[in-house]
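Residue-level listing of the chains:
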Amino acid sequence: MGEFLMPALGADMEQGRVVEWLVKPGDYVHRGDMVAVVDTEKADIEVESFEEGVVAELLVEVGATVPVGAPLARITQTPAAGPEPAAPAPAEPAPAIAREAPAPPGFVSPPVRQLAHRLGVDTDTVRGTGKHGALTRADVEQAAAALSAAAQPPDRHPPATRTPVPTAAPSAGGRVRSSPRARRVAENLGVDLAAVPGTGTEGAVTEADVRRFAAAPPARETAPETVAEPVSPPTAAPTAAPVAAPTDAAERAAGLRRAIGSLMGRSKKTIPHYYLSTTLDLRAALAWMELRNTARPVAERLVPTALLLKATALAARDVPEVNGFFTEGSFQPSTAVHLGVAVALRQGGLVAPALHDADTLPLEAVMSQLRDLVSRARGGRLQRAEMADPTLTVTNLGDLGVESVFGVIYPPQVALVGFGRVREEPWARNGLLGVRPAITATLSADHRVSDGLRGGRFLARIDELLQKPEEL
Amino acid sequence: MTEQEARAAVYAAIHLVAPDVDTDDLDEGARLRQDLELDSLDFLRLIETIHEATGVDTPERDYAAVTTVSGLIAYIAGNG
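Residues numbered from 1 in each chain as written. Chains lettered and ligands numbered in written order. Predicted model: local features only at pLDDT ≥ 70, side-chain atom pairs only at ≥ 80, totals over all residues. Heavy atoms only, no water.

Novice: Let's hear about the overall build of chain A: which residues, and what values?
Specialist: When you go through chain A residue by residue, the secondary structure sums to 12 helices and 20 strands. Each of the 472 residues in chain A was classed as buried or not, and the buried ones make up 47%. The contacts in chain A between residues at least 6 apart in sequence include a share of 64% that link residues at least 24 apart. Put simply, chain A shows about 22800 Å² of open surface, and 57% of that area lies on carbon and sulfur atoms. (Helix = DSSP H or I, 4+ residues; strand = E, 2+ residues; numbered from the N terminus. Buried < 20%, exposed > 50% of the residue type's maximum accessible area, 1.4 Å probe, protein only. Contact = heavy atoms within 4.5 Å. Areas by Shrake-Rupley, 256 points an atom, 1.4 Å probe, with all protein chains shown as cover.)

Structure follows, in structure tokens:
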């Protein structure tokens, strides 16, 4: 039996409001399936299940605000945790498990009886595992899960998909691997899931796939013709995220400002920051990028930020003192590099969701994930892991035109990297003066974990990596 | 492509990328980066959206010609 708890979506979060349930009692959830949407002050965040099983009960109503750690739902594991047979004999499935021992009718407390009633479990058929054979909630839920596993129509309950079938989207029975969220979005947008190419694990259709599919009707073949046609406005309107009402937006902006203020206040009080700055020569990196971009359509072009992020992630692997968490008086370096990307929101404020495993992703993937992350951050929909995971944050204020930015570290992280704007600089080298594109990279780091020597090594490593952009 | 068509495409794309910008009352001399506050990713999405709608691709070497709303409209009209 598992509980689905209100997660801490960032060091500053104390409570959250459930704005949407993506599952209902009786639904089967896999680990990683999105279960609920939680409104923090920063964004609406989709939260996944850490358990696999049947949703037994939703404990919190939509709209309720509860503290971090409060149970939101109960999830029961199905008895058959291994590969499940496709179709268990439909007759009397529950008693089959329950009646192994000559169970003396155990004590059933009123709450458990109520639960059993609600879940449609006959308490006489269930063996109690509590004291003196008393029936526990877990017993009832397991029985309910067994009932549910056996009795649910296959399209609602997908045990078949758990067996490792490598086939892509439309699996046996025409069912498409997809998250509940993706299904709902598909329904709202009137999209047939079976027609959507999935890019998720094992070809699962993700929400992004659905939105992409809905946003881009099969127009590819007709593209040349559209030149002659009057521009069709429909390409714009329907895909835009619904804009919240002004008052709501103002309220959110104020809440976000409070959250940022309190977190940054805590950072400055507890983290002894030190700051370093250096100017990076971007000539090689930008020349390589421009050459590469000329051959590509807009959708595949890189921006300098992608190169900077990748170089930062690789450098963090070499200088682990900047990558990880400082908690309970000590530093835990992280083996993975999840780069928090500070994204300015158009209504004000910022969020810094994680670009996962940025050090191991190919540059193209860094770029596409960066675009996806930024658009979702601005659309107000992020995922829990993206909020909780960053091990090192990067802020890139370049587009606003400043030369350098010295940021405040996001606790419990221990460093923050800042990039200014790309600019042309006179550059002296080997006794000659030339003009090169340059950028100022800064590091704010935690003196409890590292000192200027290691911090300097980290910035120098970013510079070295950017001199060989083809290896990024 | 006529300037009107190009304008419609540009406005629709701006509306998509920066929904908070009021395109009914837009100063076409506005600079995309500084005045409309589009960042590099917004800008990429803007020209991508225009490309999808009109078929006009804006290669990177021409970015300097499309720094303002009016510049972008003229570029799309001239190349479509």
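Novice: Account for the overall build of chain B, with residues named and values stated.
Specialist: For chain B, the helix and strand inventory stands at 3 helices and 0 strands. Listing each helix as α and each strand as β along chain B from the N terminus yields α-α-α. At a minimum sequence separation of 6, the contacts of chain B that also span at least 24 residues come to 55%. About 3500 Å² of surface is accessible on chain B, with carbon and sulfur atoms providing 43% of the total.

Novice: Give me the lowdown on the environment of P390 of chain A, citing residues and values where you can.
Specialist: Along the chain, P390 of chain A falls in the loop between α11 (384-388) and β17 (392-396). Apart from residues no more than four positions distant in its own chain, P390 of chain A is found in contact with F325, H338, G340, A352, P353, A354 and Q413 of chain A.

Novice: Outline the side chain of R384 of chain A, supporting the account with residue identities and numerical values.
Specialist: All names here are of chain A. By secondary structure assignment, the location of R384 is in helix α11. Given the relative accessible area of 12%, R384 is considered buried. At 2.9 Å, the side chain of R384 forms a polar contact with the side chain of E48. (Polar contact = N/O pair within 3.5 Å; in protein donor to acceptor, adjacent residues only side chain to side chain.)

Novice: Go over the confidence of the model for chain B, please, and point to the residues and values.
Specialist: All names here are of chain B. Of all residues in chain B, 100% attain a pLDDT of 70 or more, and the chain-wide mean is 90. For chain B, the element scoring lowest by mean pLDDT is helix α2 (residues 40-54), at 91; helix α3 (residues 69-79) scores highest, at 93. Interface scoring of the predicted complex returns ipTM 0.80; its pTM is 0.64. (pLDDT = per-residue confidence, 0-100.)

Novice: Hey, could you go over a negative patch on the surface for me, with residue numbers and the actual values?
Specialist: A surface patch of negative charge is lined by D22, D24, D25 and D27 of chain B. Its place among the elements puts D27 of chain B in the loop between α1 (3-17) and α2. (Patch = residues over 30% accessible without salt bridge, like charges linked within 9 Å, V, L, I, M, F, W, Y side chains within 5 Å. Salt bridge = Lys/Arg side-chain N within 4 Å of Asp/Glu carboxyl O. Lys, Arg positive; Asp, Glu negative; His and termini not counted. Charge placed at Lys NZ, Arg CZ, Asp CG, Glu CD.)

Novice: A description of the pairing of strand β4 (residues 34-39) of chain A should follow, citing residues and the corresponding values.
Specialist: Residue and element names in this part refer to chain A. Within β4, 6 of the 6 residues are buried, leaving the element largely enclosed by the surrounding structure. Of the pairings in the sheet, the one linking strand β2 (residues 15-21) to β4 comprises 4 bridges and is antiparallel in character. Of the residues in β4, the one forming a bridge with E20 is V37. Two strands pair when backbone bridges link them, and β4 and strand β5 (residues 44-48) are joined in this way by 5 bridges, in the antiparallel orientation. Residue pairing across strands places V38 opposite I45, the latter belonging to β5. (Pairing = 2+ DSSP bridges.)

Novice: Account for the interface of chain B and chain A, naming residues and giving values.
Specialist: Every contact between the two is made by 32 residues of chain B and, on the other side, 25 residues of chain A. It is L41, L44 and E60 of chain B that lose the most area in chain B upon contact with chain A, and together they represent 24% of the buried surface on that side. If you look at where chain B meets chain A, you find 4 salt bridges. The residue R301 of chain A makes a salt bridge to D57 of chain B at a minimum N-O spacing of 2.9 Å. If you look at where chain B meets chain A, you find 7 residue pairs in polar contact (both at pLDDT 80 or more). When residues of the side of chain B that touches chain A are traced back to their parent elements, those giving at least two are α1 and α2 of chain B. Here the side of chain B that touches chain A gets 11 residues from one element, more than from any other, and that element is α2 of chain B. Here the residues of the side of chain B that touches chain A sort into 15 nonpolar, 6 polar and 11 charged. (Buried area = accessible area lost by both parts, 1.4 Å probe. Nonpolar A, V, L, I, M, F, W, Y, C, P; charged D, E, K, R; others polar.)

Novice: Just give me the short version of the confidence of the model for chain A, but keep the residues and values in it.
Specialist: Caution applies to low-pLDDT regions: their predicted coordinates should not be interpreted in detail. Residues and elements named next belong to chain A. For chain A, the mean per-residue pLDDT works out to 77, and 69% of the residues sit at or above 70. Note on residues 80-105: pLDDT under 50 across the span, and 22 contacts to partners over four residues away in sequence or across chains. For residues 151-174, every residue scores under 50 in pLDDT, and the model assigns this stretch 37 contacts once sequence neighbours within four places are set aside.

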